[in-house]
Amino acid sequence: GASVHLVLGPSNEAVPSACNVTRVTNAAEMFDECISHFAETDISIMSAAVADYTPVSFSAQKIKKTGDSLTIELKRTEDILKKLGQLKTNAQLLVGFALETENEVENAMKKLGNKNADYIILNSLQDEGAGFGHSTNKITIFDKTGMTYSFDMKAKENVATDIIDTILNKRDA
């Protein structure tokens, strides 16, 4: 029943026809699209794994071999979640994701506060069968009030339902 606007990077995933979709090809375009739509949102779920760094310069042509190594200079990508956290009103809910490999809970909680998010969903690369390249996932949701919601390994479609149900149940409580 929600009006959904999906900002989608390069993907072959099928998108439900009920979604309004804006396709982007890079992190800068995703940043611009998310910012431009944010004021109209009640709940923003930032699930994309946007690169933390991007090349300083791009080549329109193939880069030919000229030596034994090549150095590519990178710059920080604009942090979409952090910017939205700065723009967020009390009427909006902001949800982010944390993919962690060490100090998982500590890093997720730090991200929750630093980004001014209402929820952070922790994905662990330590759980066999979870995360990228699998049809299943295991998550823990942290909210800004200090509550923790842990879920068992399950199909990603069911994980998505858990996320939405947790957010809506807490919001409507």
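Residues numbered from 1 in each chain as written. Predicted model: local features only at pLDDT ≥ 70, side-chain atom pairs only at ≥ 80, totals over all residues. Heavy atoms only, no water.

K.L.:
Describe the pattern of salt bridges, with residues and values.
P.N.:
By the definition in use, this model includes five salt bridges. Between D118 and K88 there is a salt bridge whose closest N-O contact spans 3.4 Å. Of this pair, D118 sits in the loop between helix 3 (104-114) and strand 7 (119-124) while K88 is found in the loop between helix 2 (80-87) and strand 6 (93-100), placing the two residues 30 residues apart along the sequence. When sorted by exposure, D118 lands in the same class as K88, which is buried. (Salt bridge = Lys/Arg side-chain N within 4 Å of Asp/Glu carboxyl O. Helix = DSSP H or I, 4+ residues; strand = E, 2+ residues; numbered from the N terminus. Buried < 20%, exposed > 50% of the residue type's maximum accessible area, 1.4 Å probe, protein only.)

K.L.:
I'd like a description of the nonpolar core, backed by residues and values.
P.N.:
In this structure, M46, I80 and I120 are the most contacted members of the largest nonpolar core, which totals 18 residues. Setting aside residues no more than four positions away along its own chain, I120 makes contact with L81, G96, F97, A98, A108, K111, L112, T140, I141 and F142. Membership of the second largest hydrophobic core comes to 12 residues, among which are L93, I139, Y149 and I167. (Core = buried A, V, L, I, M, F, W, Y, C linked by side-chain atoms within 4.5 Å. Contact = heavy atoms within 4.5 Å.)

K.L.:
Mind laying out the confidence of the model for the protein chain, listing which residues take part and the relevant values?
P.N.:
Averaged over all residues, the pLDDT of the protein chain is 91; the fraction at 70 or higher stands at 99%. Mean pLDDT in the protein chain bottoms out at strand 8 (residues 136-137), which sits at 88, and peaks at helix 2, which reaches 97. (pLDDT = per-residue confidence, 0-100.)

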